[in-house]
Amino acid sequence: MPAYLKLDRLDKSFTRGTTTTEVLSGINLIIDEGEFVSIIGHSGCGKSTLLNLIAGLTQVTSGVVLLEDKEVNAPGPDRAVVFQNHSLLPWLTVYENVNLAVAKVFASTKTKAERHDWVMRNLDLVQMAHAADKRPSEISGGMKQRVGIARALAMEPKVLLLDEPFGALDALTRAHLQDAVMDIHARLANTMIMITHDVDEAVLLSDRIVMMTNGPAARIGEVLDVPLARPRKRIELASDRTYLKCREAVLKFLYERHRFVEAAE
Amino acid sequence: MSAKSASTVTAFPVKSSAPAAPVVAAPVVAAPVVALEIKPVRRFKLDAAVAATARNILPPLVVICCLLAVWQVAFSEPGASLPPPSVVWTESRDLIVNPFYDFGSADIGLGWRVLTSLERVAYGFGLAAIAGVIVGAIIGQSVWAMRGLDPLFQVLRTVPPLAWLPLSLAAFRDANPSAIFVIFITSIWPIIINTAVGVRNIPQDYRNVAQVLRLNPLEFFFKIMVPSAAPYIFTGLRIGVGLSWLAIVAAEMLTGGVGIGFFIWDAWNSSRLSDIIVALAYIGITGFILDKLVAAIGRIVTRGTSAA
């Protein structure tokens, strides 16, 4: 069986003037359908660049990204992105923001009434249907991110890419949204890749955790399986031996073997 | 609309029941209690509105009266070079009192002349707005277009409006299109430059969203670019409309025909100084209204944009 999403010998370097900086080198990763994979690493290690390569927002220098055996080299709704700072369009209401995606992706396959139902269904999924007519400036940060997730889900993506989706939120809101994402993953069984720098978040949500070494020329240092049964409950897991072991493994990787050094650039 | 009319409907029975209640047996109905609570609230709001209006209207009114008084005193002796306000009033009362009289083709109210000038501005500025936003969008999007065109624009935008007039008269061989062209060429530069800056400042996030959704260039223009750059575009439009009003008055002085600019020139040639002073007031007030109009449209259109 061919891999669902395959990253094959990805290299990425940025050139500015005469200096070339190698950001990622030799990234190989195979992700199965329905899997939840987190990518964790210190800041500046190229996590976001890796996500942008999968999204097609950045072009690879060499290597290839294959989704269902087809090369990915441009952005598209089959790889929807939940951006770190929600990226909702402030002049549109919550409904219109989601509808922008739905109207584009399902222009020919759904009728107007079906599209409306689909927008409302996705807003329901993130419990934001009540705020459909509000503008982004009128809702809280957590709510904005929920709408961002609804917009991405509404594209019915093959892979949902989350770029530090909860990074800008307070701890309580973050926990709520993590539960919401786990719930959505359980219900829709879609493939998700999430960038994070939060060890607990990575262990709680993921099937596998991809740990990146420090840049420049960051590699995949280690891939950790998280053999915890789903559905997962954060309170029960707090004292779970497997959970603690996974957590320890990630912490050891990040803070013992690949300590963050302030780059001298 | 419906909410407003509903509130006035409820207000009327309350008002009428309040004085009626003491006449009829008092303890039967509890309605007057409600009326007493509502009434003061409404009066308070009215008071506040009157006070706010007075605060804004009164100072300029006082200043204008003072200036008119100084003017009256300074130019009232016989043989003064300019007419004082009292003379302006007696000589040009028909122009001040009735902007829209019509006594034949040469003798019409200033309102008509302003409207003729506004029509030219509407054509010239309308074309400049459309062309300016499109060209500005291209320059903002493409680094190459910006590098190629920006120096040219920076030079051309400093050319005074009237310097274009001889060339456009030569090209169009007619006064009216020439005047419109002068307005167009005067007002387009700030629109182009502001739109370009606005487009260059579209956040990368919005561009990413558009890329993931695979919006085509036309969809990107209407759904992302225009709303996102709208505050900048309207800054350009506001400067542009001010410039076009400056340009039309100057252009009409030279091209002739009907229009507020030509009226001033005509009045000068027949030494009607009072009429010129009245025309200046018309021009100033019209320019002020134009500016506020564009600003108000901008505020409505960019409602959500500025609050990210």
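Just so you know, these numbers come straight off a predicted model, no measurement behind them.

Cut-offs and rules
Residues numbered from 1 in each chain as written. Chains lettered and ligands numbered in written order. Predicted model: local features only at pLDDT ≥ 70, side-chain atom pairs only at ≥ 80, totals over all residues. Heavy atoms only, no water. Pairing = 2+ DSSP bridges. Helix = DSSP H or I, 4+ residues; strand = E, 2+ residues; numbered from the N terminus. Axes fitted to C-alpha atoms, helices over the stretch in contact; angles between N-to-C directions. Contact = heavy atoms within 4.5 Å. Buried area = accessible area lost by both parts, 1.4 Å probe. Salt bridge = Lys/Arg side-chain N within 4 Å of Asp/Glu carboxyl O. Nonpolar A, V, L, I, M, F, W, Y, C, P; charged D, E, K, R; others polar. Buried < 20%, exposed > 50% of the residue type's maximum accessible area, 1.4 Å probe, protein only. Phe/Tyr/Trp six-rings, centres within 6.5 Å; stacked < 30°, edge-to-face > 60°. Lys NZ or Arg CZ within 6 Å of the ring centre and 35° of its normal.

Visitor: Give a detailed account of the sheet that holds strand β9 (residues 208-212) of chain A, specifying residues and quantitative values.
Guide: All names here are of chain A. Taking strand neighbours across the sheet as the criterion, the six strands line up as β6-β7-β8-β3-β9-β10 in an open arrangement whose pairing is mixed. At either end of the open sheet lies a strand with only one pairing partner, and these are β6 (79-82) and β10 (220-225). Sheet twist, expressed as the average angle between the axes of neighbouring strands with direction ignored, equals 20°. The pairing of strand β7 (residues 159-163) with strand β8 (residues 191-196) spans five bridges and is classified as parallel. Bridge assignment links Asp163 to a residue of β8, and that residue is Ile195. The strands touched by helix α8 (residues 241-257) are β3 (36-40), β9 and β10; relative to β10, the strand with the most contacts, the crossing angle is about 170°.

Visitor: Tell me about the interface of chain B and chain A, residues and numbers included.
Guide: Across the contact, 20 residues belong to chain B and 23 residues belong to chain A. Together, the buried faces of chain B and chain A total about 1900 Å²; carbon and sulfur atoms form 67% of this surface. Broken down residue by residue, the surface that chain B buries against chain A is led by Val212, Leu213 and Arg214 of chain B, which jointly contribute 32%. Where chain B touches chain A, the interface holds one salt bridge. One salt bridge in this structure joins Lys104 of chain A and Glu219 of chain B, with 2.8 Å as the shortest N-O distance. Ranked by residues supplied to the side of chain B that touches chain A, first place goes to helix α9 (residues 204-212) of chain B with six residues. Taken together, the residues that form the side of chain B that touches chain A break down as nine nonpolar, six polar and five charged.

Visitor: An account of unusual backbone geometry is requested, with residue identities and associated values reported.
Guide: All names here are of chain A. The omega torsion across Arg230 and Pro231 is -5°, close enough to zero to call that bond cis. Note on placement: Pro231 falls in the loop between β10 and α7 (234-237). Positive phi values are uncommon outside glycine, yet Glu164 reaches one of about 40°. Examined against the element boundaries, Glu164 turns out to sit in the loop between β7 and α5 (171-188). The exposure class of Glu164 is buried, given its relative accessible area of 11%. Of note, the phi angle at Ala189 is positive, near 50°, even though the residue is not glycine. Here Ala189 lies in the loop between α5 and β8.

Visitor: So, the packing of aromatic side chains: which residues are in play, and what are the values?
Guide: Enumeration according to the criterion identifies eight aromatic pairs over all chains in this entry. Taking 5.5 Å as the distance between ring centres and 90° as the angle between the ring planes, the aromatic pair formed by Trp91 of chain A and Tyr206 of chain B counts as edge-to-face. In this pair, Trp91 of chain A is assigned in the loop between β6 and α2 (94-105) and Tyr206 of chain B in helix α9, connecting two distinct chains. Tyr206 of chain B matches Trp91 of chain A in its accessibility class, with the two residues each being buried. Ring centres 6.0 Å apart and planes at 80° place the aromatic pair Phe106 of chain A and Trp118 of chain A in the edge-to-face group. With Phe106 of chain A in the loop between α2 and α3 (112-125) and Trp118 of chain A in helix α3, this pair connects stretches of sequence that are 12 residues apart. Comparing Phe106 of chain A with Trp118 of chain A, the two get one shared label, buried. Geometry around Phe14 of chain A places Lys12 of chain A over its ring, the cationic atom sitting 4.8 Å from the centre. Geometry around Trp118 of chain A places Lys110 of chain A over its ring, the cationic atom sitting 4.8 Å from the centre.

Visitor: Could you give me a rundown of the sheet that holds strand β4 (residues 62-67) of chain A, with the residues and numbers involved?
Guide: Residues and elements named next belong to chain A. Read from one edge to the other, the open sheet built from four strands follows the order β2-β1-β4-β5, with strand pairing classed as antiparallel. Looking at strand neighbours, the two that pair on one side only are β2 (19-31) and β5 (70-71), the edges of this open sheet. Taken together, the five bridges between strand β1 (residues 5-16) and β4 define a ladder with antiparallel strand orientation. Each bridged residue has a counterpart across the sheet, and for Asp11 the counterpart in β4 is Ser62. Across the face of the sheet, helix α1 (residues 47-55) comes into contact with β1, β2 and β4 while running at roughly 115° to β1.

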